[in-house]
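Structural overview for review
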2 protein chains.
Amino acid sequence: MAMVLSLFSPRNILVLSLALNVSLILRVMLSDREGHTHSGFSLRERAVAGDGLQSEVHVRHRERLSTSFAASASIEAEDDKERVISVDHGDPTMYENYWQKMGDKAILVIPGWQSLSYFSDKGNLCWFLEPELAQQIIRLHNLVGNAVTEDRHIVVGTGSTQLYNAVLYALSPQDAVEPINVVTAAPYYSSYPLITDCVKSGIYKWAGDAHKFNKEGPYIELVTTPNNPDGHIRQSVVNKTGGILVHDLAYYWPQYTPISSPANHDLMLFTVSKCSGHAGMRIGWALVKDKEVAKKMVKYIEFSTLGVSKDSQLRAAKILNVISDSCEGAAVESFFESSFQLMAQRWKQLRMAAWQSGLFSLPAFPPEFCTFSRRDFEPLPAFAWLKCEGDIEDCEGFLRGKKILTRGGIHFGFDPKYVRVSLLDRDSTFNNFVARLSSIR
Amino acid sequence: MAMVLSLFSPRNILVLSLALNVSLILRVMLSDREGHTHSGFSLRERAVAGDGLQSEVHVRHRERLSTSFAASASIEAEDDKERVISVDHGDPTMYENYWQKMGDKAILVIPGWQSLSYFSDKGNLCWFLEPELAQQIIRLHNLVGNAVTEDRHIVVGTGSTQLYNAVLYALSPQDAVEPINVVTAAPYYSSYPLITDCVKSGIYKWAGDAHKFNKEGPYIELVTTPNNPDGHIRQSVVNKTGGILVHDLAYYWPQYTPISSPANHDLMLFTVSKCSGHAGMRIGWALVKDKEVAKKMVKYIEFSTLGVSKDSQLRAAKILNVISDSCEGAAVESFFESSFQLMAQRWKQLRMAAWQSGLFSLPAFPPEFCTFSRRDFEPLPAFAWLKCEGDIEDCEGFLRGKKILTRGGIHFGFDPKYVRVSLLDRDSTFNNFVARLSSIR
């Protein structure tokens, strides 16, 4: 054994050992599952496995139904009408399958003595940013070509929600007579107004739909592009003097939309949640041109949470590294290609279901060229902005009657004939959803 | 190899393999250090190793100096006057040594497919709280006897800073004519006023020293006990009708103060940072009696960060588990006993240094019985509230002149003759600090 070990460097052996651990962890989990333990993880895994089994049995029973969509639609029609299906939240659990396939490549090992200090990089303006995460953020943007990173300060946040709060603090004049107005074009992300007015700040306030904004003086305009909830590419709409633009680019990744060019704005927000699917990490980042704005954002995060989880930053660095490696032709499936194929499949299923029902319509998007994947495709948003046609005025209420939970247009400052539907949930949820939708007459 | 493996269960092999990894990680780190790599971690480790070497050489040179304090004092006097020593922040890096000794017991392994969802426990009021962390929090409080956990809701936060923000939101009336006053007795934690007035909330505002508070109407009083910066045990001081009390118990752990009885207040805040030393995790928790208050705190955390890092919650659960095991007589050094001994040693060094200088005084604390360790001892606060005696009016400025960075009394709403000094830094920093302090005449 010692002789064998001497042939390898400690690094080689560590890699081998980690790989061994992965298979062992999997075996232990499997034996736990077989042994009917009751950890949350095992229970969830069993549920997913159960769904898969059900589909399989069904496909055998009716062999003419060859796609998983048709299979689950049929199951749905036969025996699942009472189950509540929630596609309300944009919980990105769809990505679990990809990360399971990555196995040990995406594992993070954190020793107990690591990350005790508050500080990550004392010399950096953003003193709580892990240098490894900063490197991986720049690497990924450069590979995908979706944002300019030169001459930008990176500010890490506890998800892009915290970064949005930090932006409001950083851009609002501290000594103005009136709080600055914050606007965005409807339909807009339903949490923006709630977050903005949460503690009734005296330096900023929510002022609603940018299309209707006609006040004088300074304002902050949020431009979410691709937009949540409707998936459209956006520009600012107010175009008055004194406006400060903030670009929320959470969905500007090539599984959702063609990358047209590197975004090159003063203040851009991104999040791991919608890029890799790791929403539970709570990691986002801002690319900030103005040093003073970046410093104020850092100051806000000190007041808010005194830094950002180092554990999640290290894990985010690991995950982004795996994604970049997969894009550079490592011997694994490309993350963005795999995710793109899944989104394309889901949009196909959803459009088919809406057509089968006849009661719903979906936005149409023209195909565009993607500089990352080098092909033309129609945008495949993370959310569908579904419209109830005909006499149905309250689409959310109508679907709730069918035991489908969605988020109604009113929450997005828009028409209640619309609902937002997440396309990022696990296969079982999504398949049940499209199956039930298709059967609504 | 296969035959050998078949003698063990996958669990046995996993434990062995993890242990192997620890030694490999250490070897890789060591070879990195020898090979002059430039990662932040290796650089810091080299610096610490360098200090150790210097001390060793020095002790050999002057054999009559037997304690590490005396050794480093002498080094200081001879050759280190120009180095800036910062004891300003309460960065708890002192605890790194203990966690290094714990080795693989405190390692966390997170597979890439874990923790994608926003949700940790959908059925729980605090839907983003990892159940394993909740269990470990209750277990540790029950073992230490420092807080009642029965009939309490646990709300997890991104450090206790976020929980403080959440408390303000949850306790402030939303529709009052005036914002509610927030007070605490001076000297108080220097960040409280800055956090409270950060975005000029219309529902709460900082109202300063509780001793001077004489307004009518509702108010929130913070009771930090043991107190930051001065280490004293505190009660509320306002005692008017309409007051709501919040107890910040970050330092109510048996390495800092005798545990007299389980704290039994309506709203209590704790943080991993000062308990185990893992400040970089950014994990704190609140024990909340009133369900509606807990729900509002959860709502605030949704608006602020849409949950709390799952990775850090899982790691915190692991670390608290190791601490509890160590208290229950597992075959490792008790965390609290080890930390208590270190704090006792440091306070001894600090009192000696202040006495040697003759220019400083420190608070005196009567010994009390600790129900956890079953002995009497004088409190050993995480911070020393150091007073410059004689004509020195600006103690922070005076010490800055000696290249010692501290935080002056003015930041704590108090007399500038005082400064706050952290006792939780690494050995090298602390030893250099006491050495330099002792030589000031």
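Scoring rules and cut-offs
Residues numbered from 1 in each chain as written. Chains lettered and ligands numbered in written order. Predicted model: local features only at pLDDT ≥ 70, side-chain atom pairs only at ≥ 80, totals over all residues. Heavy atoms only, no water. UniProt positions renumbered as here; feature names shortened; annotations may be inferred. Helix = DSSP H or I, 4+ residues; strand = E, 2+ residues; numbered from the N terminus. Areas by Shrake-Rupley, 256 points an atom, 1.4 Å probe, with all protein chains shown as cover. Least-squares fit on C-alpha atoms with pLDDT ≥ 70 in both. Contact = heavy atoms within 4.5 Å. Buried < 20%, exposed > 50% of the residue type's maximum accessible area, 1.4 Å probe, protein only. Buried area = accessible area lost by both parts, 1.4 Å probe. Salt bridge = Lys/Arg side-chain N within 4 Å of Asp/Glu carboxyl O. Pairing = 2+ DSSP bridges. Axes fitted to C-alpha atoms, helices over the stretch in contact; angles between N-to-C directions. Disulfide = S-S within 2.5 Å. Phe/Tyr/Trp six-rings, centres within 6.5 Å; stacked < 30°, edge-to-face > 60°. Lys NZ or Arg CZ within 6 Å of the ring centre and 35° of its normal. Parallel < 35°, antiparallel > 145°, perpendicular 65-115°, else oblique. Left-handed = near helix turned anticlockwise from the far one by under 90°. Nonpolar A, V, L, I, M, F, W, Y, C, P; charged D, E, K, R; others polar.

Chain A goes by Alliinase_C domain-containing protein in an unreviewed UniProt entry, where it is assigned to Cephalotus follicularis. The Subunit (unreviewed entry) comment attached to chain A in UniProt states, word for word, "Homodimer." UniProt annotates chain A under Cofactor (unreviewed entry) with the comment "pyridoxal 5'-phosphate".

Counting secondary structure elements, chain A contains 14 helices and 16 strands. Of the roughly 17,900 Å² of accessible surface on chain A, a fraction of 55% belongs to carbon and sulfur atoms.

With that settled, consider the relation of the copies chain B and chain A. Both copies of the chain are tied together by a single rotation about an axis and a shift running along it. For the pair chain B and chain A, the superposition axis carries a translation of 0.0 Å, the fit reaches an RMSD of 0.0 Å, and the rotation angle comes to 180°. A rotation of that kind, with that shift, is consistent with a two-fold axis. Mapped onto chain A, 100% of the interface residues of chain B are again interface residues, and the two copies thus contact each other with one and the same surface.

Glancing now at unusual backbone geometry. Residues and elements named next belong to chain A. Note that the residue after Thr225, namely Pro226, is joined by a cis bond; omega there is -5°. The omega torsion of the bond from Asn228 to Pro229 falls at 25°, within 30 degrees of zero and hence cis. Mapped onto the secondary structure, Pro229 falls in the loop between β6 (219-224) and β7 (243-248). Positive phi is not limited to glycine here, since Arg374 has a value of about 60°. Residue placement: Arg374 occurs in the loop between β11 (368-370) and β12 (375-377). For Arg374, a relative accessible area of 58% translates into the label exposed.

On to the interface of chain B and chain A. Taken together, the 79 residues of chain B in the interface contact 80 residues of chain A. The junction of chain B with chain A conceals about 6,800 Å² of combined surface from both sides, 63% of it contributed by carbon and sulfur atoms. Run the count over chain B and chain A and you get 4 salt bridges. Residue Arg315 of chain A pairs with Asp311 of chain B through a salt bridge whose shortest N-O separation is 2.6 Å. Looking at the side of chain B that touches chain A, the element that brings in the most residues is helix α2 (residues 10-34) of chain B, giving 14 residues.

Moving on, we come to the sheet that holds strand β9 (residues 284-288) of chain A. Residue and element names in this part refer to chain A. Read from one edge to the other, the open sheet built from 7 strands follows the order β3-β9-β8-β7-β6-β4-β5, with strand pairing classed as mixed. Each edge of the open sheet is held by one strand with a lone partner, namely β3 (153-157) and β5 (204-209). Each neighbouring strand pair of the sheet contributes to a mean axis angle of 25°, computed without reference to strand direction. Sheet analysis places β7 next to strand β8 (residues 267-271), joined by 2 bridges and oriented parallel. Counterpart to His247 in the pairing with β8 is Met268. Sitting on the sheet, helix α10 (residues 291-305) is in contact with β3, β8 and β9, with an inclination near 20° to β3.

Residue and element names in this part refer to chain B. Pairing within the open sheet is mixed, and its 7 strands lie in the order β3-β9-β8-β7-β6-β4-β5. Strand pairing shows two members of the sheet lacking a second neighbour, β3 (153-157) and β5 (204-209), which therefore form its edges. Taken over all neighbouring pairs, the strand axes of this sheet differ in orientation by 25° on average, direction set aside.

Here we take up the state of the cysteines. Residue and element names in this part refer to chain B. Inspection of every chain in the model, using the stated rule, returns 2 disulfides over all chains. Residue pairing for Cys388: its cysteine sulfur links by disulfide to Cys395, the two sulfurs lying 2.2 Å apart. Across the disulfide from Cys388 to Cys395, rotation about the S-S bond amounts to roughly 65°, and the bridge is consequently right-handed. Judged by relative accessible area, Cys395 falls into the buried class, the value being 0%.

A separate point is the packing of aromatic side chains. Under the defined criterion, the tally for this structure stands at 56 aromatic pairs over all chains. With centroids separated by 6.0 Å and ring planes inclined at 70°, the aromatic side chains of Tyr251 of chain A and Tyr256 of chain A adopt a geometry described as edge-to-face. Given the relative accessible area of 8%, Tyr251 of chain A is considered buried. Taking the relative accessible area as the measure of exposure, Tyr256 of chain A reaches 1% and is therefore buried. Taking 5.1 Å as the distance between ring centres and 80° as the angle between the ring planes, the aromatic pair formed by Tyr98 of chain B and Phe335 of chain B counts as edge-to-face. Residue Tyr98 of chain B is located in helix α5 (residues 96-102), and its partner Phe335 of chain B is located in helix α12 (residues 335-357); the two are separated by 237 residues in the primary sequence. The same class applies to Tyr98 of chain B and to Phe335 of chain B, which are both buried. Feature note: the residues Tyr95, Tyr98, Trp99, Trp253, Phe270, Trp285, Phe335, Phe336 and Phe372 of chain A constitute an aromatic cluster, connected by ring pairs. Seen from the ring of Phe383 of chain A, Arg420 of chain A lies directly overhead, with NZ or CZ sitting 3.7 Å from the centre.

All names here are of chain A. Counted according to the given criterion, the structure contains 32 salt bridges over all chains. For the salt bridge of Glu292 with Lys295, the shortest nitrogen-to-oxygen distance reads 3.7 Å. Here Lys295 and Glu292 lie together in helix α10, a separation of 3 residues that amounts to about one turn. Residue Glu292 is classed as partly exposed on the basis of its relative accessible area of 45%. The salt bridge involving Glu396 is made with Arg400; its shortest N-O contact spans 3.3 Å. Of this pair, Glu396 and Arg400 both sit in helix α13 (residues 395-401), 4 residues apart, which is roughly one turn of that helix. Among the residues examined, Glu396 registers a relative accessible area of 16% and is labelled buried. Each of Arg139, Asp325 and Glu328 takes part in a single network of salt bridges with overlapping partners.

With that settled, the discussion passes to the environment of Tyr252 of chain A. All names here are of chain A. Examined against the element boundaries, Tyr252 turns out to sit in the loop between β7 and β8. You can call Tyr252 buried: its relative accessible area is 7%. Other than its neighbours up to four places away in sequence, Tyr252 contacts Asn146, Thr225, Pro226, Thr257, Pro258, Ile259, Ser260, Ser261 and Ala263.

What follows is about the packing of helix α7 (residues 159-171) of chain B against helix α10 (residues 291-305) of chain B. All names here are of chain B. Look at α7 against α10: their axes get within 8 Å of each other, and the N-to-C directions meet at 120°. With respect to α10, the axis of α7 lies oblique. Like other packed secondary-structure pairs, α7 and α10 cross with a definite hand, here right-handed. Along the contact surface, α7 presents Gln162, Leu163, Asn165, Ala166, Val167, Tyr169, Ala170 and Leu171, while α10 presents Val293, Lys296, Met297, Lys299, Tyr300, Ile301, Phe303, Ser304 and Thr305. Class assignment of the residues belonging to the contact of α7 with α10 gives a composition of 11 nonpolar, 4 polar and 2 charged.

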